[in-house]
Amino acid sequence: MDETQLPTPTEAQPTPYVPPKPDPAKLRALGEKLAKDFTLYETDRRHAEMRWAQNLRQFLGQYDPGVASQIPADRSRAYPKLTRVKCVSMVSRLMNLLFPTSEKNWGVEPSPVPNLSVDDLNSVLEQLQQDPEADLTDAMVTDAVREFATMRAKGLETEIEDQLTELGGGKMVSYVALCRRVLMSGVLYGMGVLKGPLARTRQQRRWRFNPKTNKVEAVDETILVPHFEFVPIWDYYPDMSAKHLHQMDGQFQRIVMSRAQVRKLADNSEFMGDVIKEYLKTHREGNYKEKQHESELRTMGVNINTGTTNGRKYEILVWD
């Protein structure tokens, strides 16, 4: 047989990785353990909830139930709202100090000795060597590297500035508005929670040169952008037994969702869609039950971000 007629060997195709299917029994045991841990975290946090509720009553100008019960019916129940004035003034002062209107409070600059990648450094050297008569010196290379790093830092600063305009959970909350919510929570309760950094996808239109048409064309591409969320302290359950944050075993976040929001999770490949659909089928009325602190907040007249009717929504627990 002629060598030209020999069959060409086929290249071995890499086998795609398929994650193992989780064991339902182990998942159930893990869920039961986390549910037990959440009950413990919830019990340990009760003392902090009482202090937060007291701070909120003082901010709203309401007496504590124990004090209000001792005021005679014929006496005035007026409450000077001095705390609200102090809290709002403090937040305004902090915002003016941290976010001045005349300039940005951050910037991106190259290090004194930029450390470029091999490809970038070769690109800089190629540009310097375009003139064959030029005698390259260490100073010329250092200046060229510095100039290249400065241009990169300027581009990165522009990219970050664009990302900060849509950094919040609502995708339209800016960096400044998000920080203001955290500061207000810290001033009012002594604690503010910011969740992140996370990542989400976003459609962005760019322009590229098409060598086939010899034209610059607009193209749509999916990119990853940073994402942060403000978490109300009422929905945050830390490990109260730890003395410092880095010593915690973990933390819970309680999220109340509608049926449509839970159903949307089933379409996400990162969740177990079949399990979610089965749960929605067997729990059509939801599993949400109002917590004690939510009842107290409703009595204060505070509009909270959870439903007030049990059995109409779903309670989601996120463990980190």
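Here the structure is shown first, and the text comes after it.
Residues numbered from 1 in each chain as written. Predicted model: local features only at pLDDT ≥ 70, side-chain atom pairs only at ≥ 80, totals over all residues. Heavy atoms only, no water.

1. Regarding the pattern of salt bridges
The criterion, for reference: Salt bridges, as used here, are contacts in which a Lys or Arg side-chain nitrogen is within 4 Å of a carboxyl oxygen on Asp or Glu. For helices the rule is a DSSP run of H or I covering at least 4 residues; for strands it is a run of E covering at least 2, with both sets numbered from the N terminus onward. Each residue is placed in one exposure class: buried if its accessible area under a 1.4 Å probe, protein chains only, is under 20% of its type's maximum, exposed if it is over 50%, and partly exposed if it falls in between.
One pass over the structure, following the stated rule, counts 19 salt bridges. Residue E296 is joined to R46 by a salt bridge in which the shortest nitrogen-to-oxygen separation is 2.8 Å. In this pair, E296 is assigned in helix 10 (residues 292–299) and R46 in helix 2 (residues 46–60), connecting sequence segments 250 residues apart. Residue classification places R46 among the buried residues on the basis of a relative accessible area of 19%. For R298, the salt bridge goes to E290, with nearest N and O atoms at 2.5 Å. One network of salt bridges, in which partners are shared, links E42, R254, K291, E294 and E315.

2. Re the layout of surface pockets
Basically, it comes down to this: Points on a 1 Å grid over protein atoms alone make up a cavity when a 1.4 Å probe fits among them but cannot get out, and a pocket when they form an open set with protein on both sides within 12 Å along at least five of seven lines; lining residues each have an atom within 4 Å of a point. Grid points are joined across faces, edges and corners, and a volume is the space filled by probe spheres set on the points. Three residue categories are used. Nonpolar comprises Ala, Val, Leu, Ile, Met, Phe, Trp, Tyr, Cys and Pro, charged comprises Asp, Glu, Lys and Arg, and polar comprises the others, including Gly.
For the second largest pocket, the calculated volume is near 220 Å³. As for the second largest pocket, its lining consists of F99, P100, E103, K104, N105, W106, E161, L164, T165, S174, Y175 and V176. Those elements giving two or more residues to the lining of the second largest pocket turn out to be helix 6 (138–164) and helix 7 (175–189). Along the lines of polarity and charge, the residues of the lining of the second largest pocket split into six nonpolar, three polar and three charged.

3. Quick look at unusual backbone geometry
Residue P197 follows G196 across a cis peptide bond; omega there is 0°. Within the element layout of this structure, P197 appears in strand 1 (residues 193–210). A positive phi angle is found at N214, which is not glycine, with a value near 60°. Note that N214 resides in the loop between strand 1 and strand 2 (215–231).

4. Structural notes on the packing of aromatic side chains
Note the following rule: Aromatic rings from Phe, Tyr and Trp, taking only the six-membered ring of Trp, are treated as a pair when their centres fall within 6.5 Å; an angle between ring planes under 30 degrees marks them as stacked, one over 60 as edge-to-face, and anything in between as tilted. Consider the ring centre and the ring normal. A charge sits over the ring if Lys NZ or Arg CZ is within 6 Å of that centre and within 35 degrees of that normal.
For the structure on display, the rule yields 10 aromatic pairs. Between F38 and F252, the aromatic rings sit 5.4 Å apart at their centres with planes inclined by 75°, giving edge-to-face as the arrangement. Remark: F252 occurs in strand 4 (residues 251–257) and F38 occurs in helix 1 (residues 24–44); sequence separation between them is 214 residues. Across this residue pair, the class does not change: F38 and F252 are buried. Geometrically, the ring pair formed by F99 and Y175 is edge-to-face, given 5.6 Å between the ring centres and 80° between the ring planes. With F99 in the loop between helix 4 (82–98) and helix 5 (118–128) and Y175 in helix 7, this residue pair connects regions lying 76 residues apart in the sequence. Accessibility expressed as a relative area gives 14% for F99, which makes it buried. Residue class for Y175 comes out partly exposed when judged on its relative accessible area of 27%. Through a chain of ring-to-ring contacts, three or more aromatic side chains come together here, namely F38, Y41, Y237, F252 and W319. Taking the ring centre of Y237 as reference, the NZ or CZ of R45 above it sits at 3.8 Å. For K104, the ring lying beneath its charged end belongs to W106, and the centroid distance is 4.4 Å.

5. Regarding a nonpolar patch on the surface
Rules: Each patch is built from salt-bridge-free residues with over 30% relative accessible area, joining like charges within 9 Å and nonpolar side chains (Val, Leu, Ile, Met, Phe, Trp, Tyr) within 5 Å. The method behind every accessible area is Shrake-Rupley, applied with a 1.4 Å probe, and residues are considered shielded solely by the protein chains displayed.
Taken together, the side chains of L27, L30, M272 and V275 make up a nonpolar region of the molecular surface, amounting to roughly 330 Å² of accessible area. Tracing the chain through its elements places L30 in helix 1. Assessed through its relative accessible area of 46%, L30 is described here as partly exposed.

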